[in-house]
Amino acid sequence: MRVTVKLFATFRDGRFKVEERELPEGSKVMSVLEPLNIKPEEVAICLVNGQNVDEQHVLNDGDTIALFPPVGGG
Amino acid sequence: MGGYTGKVLRVNLTEGKTSTEPLNMELARKYLSGRGLAGKMFADEVAADVDALSPENKLFIATGALTGTNAPTSGRYVVVTKSPLNGVIASSNSGGQWGAHLKFAGYDMVILEGKADRPVYISIQDDVVEIKDAAHVWGKDVYATTETLKQEFGDDKAKVLSIGPAGENLSLISAVMNDLYRAAGRSGVGAVMGSKNVKAILVRGTGKVENANADVMKNVLSSALGKLRENGVTGQGLPTYGTAVLVNIINETGIYPVNNFQESYDSQADLISGETMTANHLIKKDPCYRCPIACGRYSKWEGGEGAGPEYETVWVFGSNSGIHDFDAIHKANDWCNRLGLDTISVGATIAAGMELVQRGYIKPEELDGTPLEFGNAAGMVEWVRKIGYAEGLGAKMALGSYRLAESYGAPELSMTVKKLEIPAYDPRGVQGQGLQFATSNRGGCHVRGYMISPEVLGLPEKLDRTSLEGKATWVKIFQDLTAVIDSLGLCLFSSFALGLSDYAALVNAVTGENYSDEELLACGERIWNNERLHNLRVGYSAAEDTLPKRLLNDPIVDGPSKGQTLKLAELLPQYYAERGWDGAGVPKPELLTKLGM
Ligand code: SF4
């Protein structure tokens, strides 16, 4: 299956802004994080199609995953 | 006693006299200072039916109990008055340096009463307070006024608070500015100052604010600073990117209003994100007094440089107006600073104007050749200028989006609560924030209980933004806690890392009081109910605890939150019950007795 991975703030340093990934069926968010060398505890906000999930969330074909380190404002 | 100076400065503009009086410490214990105490004094001293722009209204400019101390983020002051925009209690706070320096001069609060017979400014140099002629700066912008008054005073350490031409022109979306770029922006407080013929207040203080328990303070301070440093948001996110880092977060969550809230996702948002701004525009950080977070930005753009812009400003002049041009956003922001305008309300009014044009309400001949359409950046910037100087249709827009849209028979196109423009979050996708918008005591406002923190950012814990469960309780606690933080004179952003116990420890060390966590939060609840009672007295009711039709009836049309709606009808009764109010949103007598009101 194909998913879109979007990185934000410091996660972009040395990586990318947006990329498509090919993953085996049944993959979890974890399998996106590992090859990027991002530890789950570094992720403050993980959105899959806009919904807040954790690294154990199972992905589906066509999902968009947005990853943020701790950031915020107002 | 530490923290408070114990002294209030009253300026009777009608008679041209100034006087001082002791701060009412009994009230300060119950309402803290700043927003709380000024709000209580305002409610006691100003009759509910006065016209906000008449001499009978008063303008309270108040510091918090911790303003000017060594507590982190303690540079804030608040402007409390009757809002000319909507008649409810206005309490707009601002950072920078001015508030701390008012304390150094020896005052907790300045109260402006009556009306001067000609333009004046107030000069405060410790005990020497003078009402001076301001004819030479009347009509000048905020930058020129600040520079001129400082130069004449002859001491660069003086701090200047002033209005711009917008406040002089009684624009209902005008701000009180300080230290050039910092704004007590919301609710039209600049117009109240303008209506009194007061252009500015210059302050030069040479005193110091004492801590009652200096030894205890050392430990409390080091703990608070440690938490601010280690917290990802206050230690890294905000310092690195500023508040505009929210552009991508809020957009990816699908609650990022586009084109006057017609859509809720912007595929081009990254062009104007905090990440892009940091890479291409940031010159340096521009922190407020004693702030280790330093979210403030100082940036460059084509042909200029200056402070900001903040997230709300980027959104409102950007995506909400269909614009992705950072230079234009910077220019619009700079005009607002110069002219003394609230960026949120100005941008939202322009966006409402764009929709009025889109739907054929505003006719091309009314525009005097300046384009007013989504995506037209140059036109947008020019409309900001026209609003500040009340030129052409800009004069109507200077009264805010509600009056503008209403004048064309389409008030539903104004994205406001209680006539105040709603900030950058689509409430349909964040239930708690939606309830907060509907019930905020000053109208459409995000900083009276920032539910985005738990519902989107996951702080202090993650809540499901689509669920109603527990939201009424969270909103009440957040509103009460925010009232405490505001009244202490601290920045709301400190609360990403600090909690109620930290604030209690700080206020106890500084003032020598001995508040328990519960007692301190009860001060916040008292402050909230005092504001609510005032609003009920001026004629507001539960009917106004609502949102514009679009946000209440229609689902989100696009993006990750497509289909979501706000369930306000379910949330509101829960909230009233949580607050101890009756079904009509009126505080019950037993609640007021419990709070000692
Ligand atoms: S966090 Fe930002 S707004 Fe708050 S006091 Fe610090 S610099 Fe000012």
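Source: prediction; values computed, not measured.

**Some points on the domain arrangement of chain B**
Residues and elements named next belong to chain B.
Alright, step 1. You can read the domains of chain B as domain 1 (7-204), domain 2 (242-420) and domain 3 (426-496 + 516-594).
Alright, step 2. A straight line from the C-alpha centre of domain 1 to that of domain 2 covers 26 Å.
Alright, step 3. On the domain 2 side, the residues contacting the 36 residues of domain 1 number 36 residues.
Alright, step 4. In total, about 2,800 Å² of surface goes out of reach between domain 1 and domain 2, with carbon and sulfur atoms giving 57% of it.
Alright, step 5. Three residues stand out in domain 1 for area buried against domain 2, namely Ile-173, Tyr-181 and Arg-186, and they jointly supply 25% of the buried area on that side.

**Some points on the environment of Ala-90 of chain B**
Alright, step 1. Assignment of secondary structure puts Ala-90 of chain B in strand β5 (residues 89-94).
Alright, step 2. In sequence terms Ala-90 of chain B and Gly-39 of chain B are 51 residues apart; their C-alpha atoms lie 8.7 Å from each other.

**Concerning the packing of aromatic side chains**
All names here are of chain B.
Alright, step 1. Enumeration over the complete set of coordinates arrives at 15 aromatic pairs over all chains.
Alright, step 2. Here Phe-261 and Trp-315 contribute two aromatic rings whose centre-to-centre distance is 5.9 Å and whose plane-to-plane angle is 80°, an arrangement assigned as edge-to-face. Of the two residues, Phe-261 sits in the loop between α9 (246-253) and α10 (274-280) while Trp-315 sits in helix α11 (residues 311-317), which places them 54 residues apart along the sequence. For the pair Phe-261 and Trp-315, one class covers both residues: buried.
Alright, step 3. Here the aromatic rings of Tyr-450 and Phe-496 are separated by 6.3 Å at their centres, their planes lie at 80°, and the arrangement is edge-to-face. Placement of the pair is Tyr-450 in the loop between α17 (431-439) and α18 (452-457) and Phe-496 in the loop between α19 (471-488) and α20 (500-511), with a sequence separation of 46 residues. The exposure classification of Tyr-450 matches that of Phe-496, with both residues buried.
Alright, step 4. These aromatic residues form a ring-pair network of at least three members: Tyr-311, Tyr-425, Tyr-450, Phe-493 and Phe-496.
Alright, step 5. Geometry around Tyr-298 places Lys-284 over its ring, the cationic atom sitting 5.0 Å from the centre.

**A closer look at the sheet that holds strand β9 (residues 159-162) of chain B**
All names here are of chain B.
Alright, step 1. Sheet architecture is open: 6 strands sit in the order β8-β7-β12-β9-β10-β11, paired in mixed fashion. Every other strand in the sheet has two partners, leaving β8 (128-133) and β11 (182-184) as the edge strands with one partner each. Taken over all neighbouring pairs, the strand axes of this sheet differ in orientation by 20° on average, direction set aside.
Alright, step 2. Bridge analysis of strand β7 (residues 120-125) against β8 gives 6 bridges, and the strand direction is antiparallel. The residue bridging Tyr-121 from the neighbouring strand is Lys-132, located in β8.

**Here's the deal with the environment of Ile-173 of chain B**
Residue and element names in this part refer to chain B.
Alright, step 1. Inspection of the secondary structure assignment puts Ile-173 in the loop between α5 (165-168) and β10 (176-178).
Alright, step 2. A residue is classified by how much of its surface remains accessible, and Ile-173, at 1% relative accessible area, is buried.
Alright, step 3. Put simply, Ile-173 and Leu-85 are 88 residues apart on the chain and 7.2 Å apart in space, counted from C-alpha to C-alpha.
Alright, step 4. Among all residues touching Ile-173, those that are not within four sequence positions of it are Leu-85, Gly-188, Leu-341, Asp-342, Ser-345, Val-346, Thr-349, Ile-387, Met-397, Ala-398, Gly-400 and Glu-421.

**Focus on the sheet that holds strand β3 (residues 59-63) of chain B**
All names here are of chain B.
Alright, step 1. The mixed open sheet is built from 6 strands, whose spatial order is β2-β1-β6-β3-β4-β5. Both outer strands of the open sheet, β2 (17-22) and β5, are each paired with one neighbouring strand and no more. Direction aside, neighbouring strands of the sheet carry axes that sit 20° apart on average.
Alright, step 2. When strand β4 (residues 77-82) meets β5, the two strands line up antiparallel, connected through 6 bridges. Among the inter-strand pairings, Tyr-77 is bridged to a residue of β5, identified as Ser-94.
Alright, step 3. Those strands touched by helix α2 (residues 34-45) are β1 (7-12), β3, β4, β5 and β6 (109-113), and its axis lies near 20° from that of β4.

**Looking at the pairing of strand β3 (residues 45-48) of chain A**
All names here are of chain A.
Alright, step 1. Across the two faces of β3 the burial is the same, with Ile-45 and Leu-47 and Cys-46 and Val-48 all buried.
Alright, step 2. Pairing analysis gives 4 bridges linking β3 to strand β5 (residues 64-68), with the strands arranged antiparallel. Bridge pairing in β5 links Leu-47 to Ala-66.
Alright, step 3. Pairing geometry for β3 and strand β4 (residues 51-52), over 2 bridges, is antiparallel. Across the sheet, Leu-47 pairs through a bridge with Asn-52, a residue of β4.
Alright, step 4. Between the end of β3 and the start of β4, which pair antiparallel, lie 2 residues, with Asn-49 showing a positive phi angle near 50°.

**Focus on the side chain of Asp-334 of chain B**
All names here are of chain B.
Alright, step 1. Within the secondary structure, Asp-334 is located in helix α12 (residues 326-339).
Alright, step 2. Accessibility expressed as a relative area gives 11% for Asp-334, which makes it buried.
Alright, step 3. Among residues more than four places away in sequence, those in contact with Asp-334 are Tyr-143 and Trp-301.

**Points about the interface of chain A and chain B**
Alright, step 1. Listed by partner, the interface residues are 20 residues for chain A and 28 residues for chain B.
Alright, step 2. Of the roughly 1,900 Å² buried where chain A meets chain B, counting both sides, 54% is carbon and sulfur surface.
Alright, step 3. One can count 3 salt bridges joining chain A with chain B.
Alright, step 4. On the surface where chain A and chain B come into contact, there are 8 residue pairs in polar contact (both at pLDDT 80 or more).
Alright, step 5. Secondary structure elements with two or more residues in the side of chain A that touches chain B: β3, β4 and β5 of chain A.

**Quick notes on the packing of α20 of chain B against helix α21 (residues 517-537) of chain B**
Residue and element names in this part refer to chain B.
Alright, step 1. Interaxial distance between α20 and α21 falls to 9 Å at its minimum, and their mutual angle equals 95°. When the axes of α20 and α21 are compared, the pair comes out roughly perpendicular. Residue-level contacts link Leu-500, Ser-501, Tyr-503, Ala-504 and Val-507 of α20 to Asp-517, Leu-520 and Leu-521 of α21.
Alright, step 2. Broken down by class, the residue content of the contact of α20 with α21 amounts to 6 nonpolar, 1 polar and 1 charged.

The rules behind the values
Each chain carries its own residue numbering, running from 1 in the written order of its sequence. All chains are assigned letters beginning at A, and all ligands numbers beginning at 1, according to the order in which they are written. In view of the model being predicted, local features appear only for residues whose pLDDT reaches at least 70, and side-chain atom pairs are presented and counted only at 80 or more, with totals across whole chains, interfaces and linings using the full set of residues. In computing side-chain values, all of the structure's heavy atoms are included and hydrogens and water are not. Domain start and stop points were drawn from an automatic or database domain assignment. We call two residues in contact whenever any of their non-hydrogen atoms come within 4.5 Å of each other. Computed with a 1.4 Å rolling probe, the buried area is the accessible surface lost when two parts are put together, summed over both parts. Put simply, DSSP H or I for four residues or longer makes a helix, DSSP E for two residues or longer makes a strand, and each gets a number counted from the N terminus. Stacked, tilted and edge-to-face are the three classes assigned to paired rings of Phe, Tyr and Trp, where Trp is represented by its six-membered ring and a pair needs centres within 6.5 Å; plane angles under 30 degrees give stacked, over 60 edge-to-face, the rest tilted. Residue burial is assigned from relative accessible area. The probe radius is 1.4 Å, only protein chains are included, and a residue is buried under 20% of its type maximum, exposed over 50%, and partly exposed in between. Look at NZ for Lys and CZ for Arg. If either is within 6 Å of the ring centre and within 35 degrees of the ring normal, a charge sits over the ring. Strands were regarded as paired on the criterion that DSSP finds at least two bridges between them. Here an axis means a line fitted to C-alpha atoms, over the contact stretch when the element is a helix, while the angle between two N-to-C directions is reported on a 0 to 180 degree scale. A carboxyl oxygen of Asp or Glu within 4 Å of a side-chain nitrogen of Lys or Arg is what we treat as a salt bridge. Polar contact is defined as a pair of N or O atoms within 3.5 Å, subject to the rule that within protein one atom must be able to donate a hydrogen and the other to accept it, and that residues adjacent in sequence are counted only when both atoms are side-chain atoms. Roughly parallel means an angle under 35 degrees; roughly antiparallel means over 145; roughly perpendicular covers 65 to 115; every other angle is labelled oblique. Each residue receives one of three labels: charged for Asp, Glu, Lys and Arg, nonpolar for Ala, Val, Leu, Ile, Met, Phe, Trp, Tyr, Cys and Pro, and polar for the others, Gly being one of them.

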